[in-house]
Amino acid sequence: MKNIMKSNYRYIVKAFMAMAVIAGTTSCDDFLDREPMSSISPETYYSTAAQLEANLNDEYPNVLPSFGQWTYGIFGEDKGTDNQIEVNANDRYTQDRWKVPHSESDNWKFERIYRINFFLSEALPKFGEDMSGSQNTISGSVATIKHYIGEMYFLRAYEYFKKLQLFGDFPIINQPLADEMEALREASKRFPRNEVARFIISDLDKAYAYMSDVDMATTRINKDAAMLVKSRVALFEATWLQNFKGTAFVPGGEGWPGASLHNNYQYPSGNLDNEVKYFLEQAVEASKLVADKYKGNLTENTGVLQQSADDPSNPYFDMFAQEDLSDVKEVLLWRQYARGLSTHNINAAAGRGNYRIGLTRGFVQNFLMKDGTPVYAHGSYADGDGYYMGDKTVADVRVNRDPRLSIFLKEPGQKNILFEVDNNEGTEVVMEEPYPAITSGDGERGYATGYALRKGGSFNRKYYANGGGYTAAVCFRAAEALLNYMEASYLLNGTLDATAREYWTVLRQRAGISTDFDKTIAATDMSKEAENDWGAYTGGSVISDKTLYNIRRERRCEFLAEGLRYMDLCRWRSMDQLMTAPSHLEGMHLWNTPMEDWYLDDNGKSILVADGTDKANVSSKDKSEYLRPFERSSNQSAYNGCTWKMAHYLNPIMIKQFQLTATSGADVSTSILYQNPYWPVVADQPAEK
């Protein structure tokens, strides 16, 4: 990946090509996307290892997780969950704002899948499909060629995993298709979601096998990343099937819409319980392979936030805020950026208010104390007992807490810049952290909850040019393998085995909190946890298993703002309770605290407006002493709390897709497709339930 962004790359595959025409006029561009070849013939182009690499490099930034120039970056990847929120609720937490699209551009797309399939269809015959290379006609190192083929299998698996999360059941297509309508229509048939997951795992196994003969720089996909993602996919599908058992969201469940196409469906392993077991076993095996290799190489966390150029740095903090991650063993894959060539605005935003994305009060309260005890074991949330200092200032919240919170949660008065302080290239910089600008409507400089992160932000001013940052993006890191094993093995065996206990100890040691997780489990009060954490629920009820809950908590805290939260909440089925009890997501303790005085003008008059009108800039103290960004004005969609519909666990398929796959003109009732549970086959309509 190191050279992905070089401007002089020439690619064989262009951006887009329309497919066939239905009824003479309807474009198939969202059906099964195909793209044109360049003037160079495939027979000529796919003939060297360098050509394979160039084609791969084109796919990396389109498929893999990374920063974009104006995306939210690491400090905001979990926005729209109970971890991080903006100032307005995501439509999925409303009753009627999320609607079936007619022709949404990124809904049900096959562009990337087609590109990858074309690559494999050209490269595999030239190399030899038996993986030996005995028929290889591609020039270059055999090991390198195999690695590149393995990378493409990984990319197809990762792209399919995105589709699995969005839609569940999905077409399985492993070849570029001819421009024939009947063949395309048949290929659009959705396979049961567990079979899609099995297909993904198969691709990852192939990726691992092909990539096993050579070690590339960690800017390229590697076999360890393949096994990590395999463990993620397997754990995702196992827990989804387990937690949605009997519902319309699993094959064979009551009301499953796939029954119209797959009548009397039989699981490959015999039944749903066996299928769950299969995926858990796959997750355990894959995660252990990676975890055992890296458990002794997790990046050190000193637990101290550097605040002077002369002080030692914290390697754990720097893992998310440095230019080159080649020597960071925990990072299995990262994306390199380059000054003036490929850049982002992550540092500039992290140095301010995170583009008005803030941590929730529930997430902050969910972090343990350094001694491993829950916050509620130390007095009230507001006042504490002297060990926990309460939450009446942001500074107090950080004291004696899990260092994963204390080093990344910004506090007014902290230094944001320590190095190259006079570098004028850093145009978008705030040298010292101010009081949170919660009254500001500026989308780049305002603060949403008052709790802002510095994760992903560097202490070096040179990275703070407007749109010109070039610190690295972490794609995958090995710590996830330890957590995946802990959860999968516990669900499989009903107990913490010696390996899981070892991994948990390693994670706690690195975090800088007590390794006595048995003490944490014993002190856990699930009724209290349910106040702070949607992950305390499954299927609308608070889970009773405190060990399982604390594994979920560990995962939540380790992956602070790294983009895994919504995936986890969905597979745990952790939003059902919102259908009967709307959730009021909150931020810092604003009212009746010293922080209220941060918002006085030069005449000592408060600038806070909390009258519930369009002019309000904060929520009323009558609602809560804690800031509620969604409840400032009565016309906000979640003014009365965040709600949920069962349908929202999956995305609706756009109506255009039903029209394109219809056998009778544009009559959607004749389509081979079926809509996801409780979504209508009518554009611009909300879910039924």
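Because the structure is a prediction, the values reported are computed rather than measured.

1. Some thoughts on the overall build of the chain
Moving on, step 1. When helices and strands are counted, the chain shows 20 helices and eight strands.
Moving on, step 2. Over its C-alpha trace the chain gives a radius of gyration of 25 Å, about what one expects of a compact globule, namely 26 Å for 689 residues.
Moving on, step 3. With the C-alpha coordinates of the chain rotated into their principal frame, the extents come out at 75 × 55 × 50 Å.
Moving on, step 4. At a minimum sequence separation of 6, the contacts of the chain that also span at least 24 residues come to 74%.
Moving on, step 5. Accessible surface, the chain as shown: approximately 24,600 Å² in total, 46% of it carbon and sulfur.
Moving on, step 6. Here the chain contributes 73 positive and 92 negative side-chain charges, whose respective centroids are spaced 0 Å apart.

2. As for the nonpolar core
Moving on, step 1. One finds Phe154 and Phe476 to be the most contacted residues of the largest nonpolar core, which totals 134 residues.
Moving on, step 2. Each residue touching Phe476, except ones within four places of it in the same chain, is listed here: Leu64, Pro65, Phe154, Tyr158, Ala225, Leu228, Val229, Arg232, Glu330, Val331, Leu332 and Leu333.
Moving on, step 3. With 54 residues, the next largest nonpolar core counts Ala321, Val429, Ala452 and Phe459 among its residues.

3. Brief notes about the pairing of strand β6 (residues 473–477)
Every other side chain in a regular strand lies on the same face of the sheet, so the side chains alternate between the two faces.
Moving on, step 1. Most of β6 is tucked away: five of the five residues are buried.
Moving on, step 2. As defined by bridge partners, strand β4 (residues 331–335) adjoins β6 across four bridges and the pair is classed as antiparallel. Residue pairing for β6: Trp334 is matched across the bridge by Val474.

4. Considerations on the UniProt feature "domain: RagB/SusD" (unreviewed entry) in the chain
Moving on, step 1. Cross-referencing UniProt, the feature "domain: RagB/SusD" (unreviewed entry) maps to residues 347–679 in the present numbering.
Moving on, step 2. Structurally, residues 347–679 is divided into 26% helix and 3% strand, and its ends, taken at the C-alpha atoms, are 40 Å apart.

5. Some details on the pattern of salt bridges
Moving on, step 1. Within this structure, the stated rule accounts for 58 salt bridges.
Moving on, step 2. Across the salt bridge formed by Glu159 and Lys162, the nearest N and O atoms sit 3.3 Å from each other. A residue pair is termed a helical-turn pair when its members lie 3 or 4 positions apart in one helix, as Glu159 and Lys162 do in helix α4 (residues 142–167) at three residues.
Moving on, step 3. Overall, Glu159 belongs to the buried group, its relative accessible area being 7%.
Moving on, step 4. Lys162 sits in the partly exposed class, given a relative accessible area of 27%.
Moving on, step 5. Residue Glu502 pairs with Lys295 through a salt bridge whose shortest N-O separation is 2.9 Å. Within this pair, whereas Glu502 is found in helix α15 (residues 498–511), its partner Lys295 is found in the loop between α8 (272–294) and α9 (315–318), the two being separated by 207 residues in sequence.
Moving on, step 6. Within the structure, one salt-bridge network assembled from shared partners comprises Glu330, Asp402, Arg404, Lys455, Arg477, Arg508, Arg510, Glu554, Glu558 and Glu562.

6. Here we look at the packing of aromatic side chains
For any pair of aromatic rings, the description rests on two quantities: the centre-to-centre distance and the angle between the ring planes.
Moving on, step 1. Counted according to the given criterion, the structure contains 40 aromatic pairs.
Moving on, step 2. Seen from their ring centres, Trp644 and Tyr649 are 5.1 Å apart, and the 70 degrees between their planes marks the pair as edge-to-face. Here Trp644 and Tyr649 have matching classes, each one buried.
Moving on, step 3. Ring pairs connect the aromatic residues Tyr93, Phe161, Phe236, Trp240, Phe244, Phe249, Trp534, Trp644, Tyr649 and Tyr678, which therefore count as one cluster.
Moving on, step 4. In this structure, Arg92 packs its charged tip against the face of Tyr566, placed 3.7 Å from the ring centre.
Moving on, step 5. It is Lys189 that lies over the ring of Phe191; its NZ or CZ is 5.5 Å from the centre.

7. Brief notes about the environment of Tyr549
Moving on, step 1. Here Tyr549 is to be found in helix α18 (residues 546–558).
Moving on, step 2. Those residues within four positions of Tyr549 in sequence are excluded, and the remaining contacts are Asn366, Thr524, Met526, Glu529, Asp533, Gly535, Ala536 and Ile543.

8. Structural notes on the packing of helix α14 (residues 479–493) against α18
A packed helix pair is summarised by two numbers, namely the angle formed by the two axes and the spacing between the axes.
Moving on, step 1. One can describe the packing of α14 onto α18 by two numbers: an axis separation of 10 Å at closest approach and a directional angle of 165 degrees. In terms of orientation, α14 and α18 fall into the roughly antiparallel class. Crossing handedness for the pair α14 and α18: left-handed. Across the interface between the two elements, Ala479, Glu480, Leu483, Asn484, Met486, Glu487, Tyr490 and Leu491 of α14 pack against Thr547, Leu548, Ile551, Glu554, Arg555 and Glu558 of α18.
Moving on, step 2. Grouping the constituent residues of the contact of α14 with α18 by class yields seven nonpolar, two polar and five charged.

9. Observations concerning unusual backbone geometry
Moving on, step 1. Although it is not a glycine, Arg356 adopts a positive phi angle of roughly 55 degrees.
Moving on, step 2. Considering the arrangement of structural elements, one finds Arg356 in the loop between α10 (346–350) and β5 (358–359).
Moving on, step 3. A residue is classified by how much of its surface remains accessible, and Arg356, at 14% relative accessible area, is buried.
Moving on, step 4. Even without being a glycine, Asn400 presents a positive backbone phi close to 60 degrees.
Moving on, step 5. Tracing the backbone through its elements, the reader meets Asn400 in the loop between α12 (394–398) and α13 (403–406).
Moving on, step 6. The partly exposed category is assigned to Asn400, whose relative accessible area is 29%.

10. Re the confidence of the model for the chain
When pLDDT drops low, the exact placement of atoms in the prediction is not to be read closely.
Moving on, step 1. In the predicted model, the chain carries a mean pLDDT of 91, and the fraction of residues at 70 or more is 92%.
Moving on, step 2. Within the model, the stretch residues 33–39 combines pLDDT values under 50 with 32 contacts to residues more than four positions away or in other chains.

11. Examining α18
Moving on, step 1. For α18, built from 13 residues, the straight-helix expectation of 18 Å at 1.5 Å per residue is met to within 8% by its first-to-last C-alpha distance of 18 Å.
Moving on, step 2. Where α18 begins, one side-chain oxygen reaches toward the backbone nitrogen of Thr547, 3.0 Å away; that side chain belongs to Asp545.

12. Observations concerning the packing of helix α2 (residues 49–63) against helix α3 (residues 111–127)
Moving on, step 1. Interhelical geometry of α2 versus α3 gives an angle of 160 degrees and a closest axis separation of 11 Å. When the axes of α2 and α3 are compared, the pair comes out roughly antiparallel. Once α2 is placed against α3, the crossing between them reads as left-handed. Where α2 approaches α3, its residues Leu52, Asn55, Leu56, Asp58, Glu59, Asn62 and Val63 are matched on the opposing element by Arg112, Arg115, Phe119 and Ala123.
Moving on, step 2. A class-by-class count of the residues in the contact of α2 with α3 yields five nonpolar, two polar and four charged.

13. Description of the state of the cysteines
Moving on, step 1. Within this structure, the stated rule accounts for zero disulfides.
Moving on, step 2. Distance from the sulfur of Cys557, which forms no disulfide, to the nearest cysteine sulfur (Cys570) is 19 Å.

14. Some details on α15
Moving on, step 1. Here α15 contains 14 residues, and its C-alpha end-to-end distance of 20 Å stays within 8% of the 20 Å for a straight helix at 1.5 Å per residue.
Moving on, step 2. Every buried residue of α15 is accounted for by Thr499, Ala500, Tyr503, Trp504, Val506, Leu507, Arg508, Arg510 and Ala511.
Moving on, step 3. Downstream of α15 by one or two residues, Gly512 has phi in the positive range, about 95 degrees.

15. Digging into the environment of Glu688
Moving on, step 1. Position of Glu688 among the secondary structure elements: in the segment after α20 (655–660).
Moving on, step 2. Residue classification places Glu688 among the exposed residues on the basis of a relative accessible area of 57%.
Moving on, step 3. For the pair Glu688 and His378, spaced 310 residues apart in the sequence, the C-alpha separation amounts to 44 Å.

Conventions used here
Residues numbered from 1 in each chain as written. Predicted model: local features only at pLDDT ≥ 70, side-chain atom pairs only at ≥ 80, totals over all residues. Heavy atoms only, no water. Helix = DSSP H or I, 4+ residues; strand = E, 2+ residues; numbered from the N terminus. Rg over C-alpha atoms; globule rule 2.2 N^0.38 Å. Contact = heavy atoms within 4.5 Å. Areas by Shrake-Rupley, 256 points an atom, 1.4 Å probe, with all protein chains shown as cover. Lys, Arg positive; Asp, Glu negative; His and termini not counted. Charge placed at Lys NZ, Arg CZ, Asp CG, Glu CD. Core = buried A, V, L, I, M, F, W, Y, C linked by side-chain atoms within 4.5 Å. Buried < 20%, exposed > 50% of the residue type's maximum accessible area, 1.4 Å probe, protein only. Pairing = 2+ DSSP bridges. UniProt positions renumbered as here; feature names shortened; annotations may be inferred. Salt bridge = Lys/Arg side-chain N within 4 Å of Asp/Glu carboxyl O. Phe/Tyr/Trp six-rings, centres within 6.5 Å; stacked < 30°, edge-to-face > 60°. Lys NZ or Arg CZ within 6 Å of the ring centre and 35° of its normal. Axes fitted to C-alpha atoms, helices over the stretch in contact; angles between N-to-C directions. Parallel < 35°, antiparallel > 145°, perpendicular 65-115°, else oblique. Left-handed = near helix turned anticlockwise from the far one by under 90°. Nonpolar A, V, L, I, M, F, W, Y, C, P; charged D, E, K, R; others polar. pLDDT = per-residue confidence, 0-100. Expected span 1.5 Å × (residues − 1). Polar contact = N/O pair within 3.5 Å; in protein donor to acceptor, adjacent residues only side chain to side chain. Disulfide = S-S within 2.5 Å.

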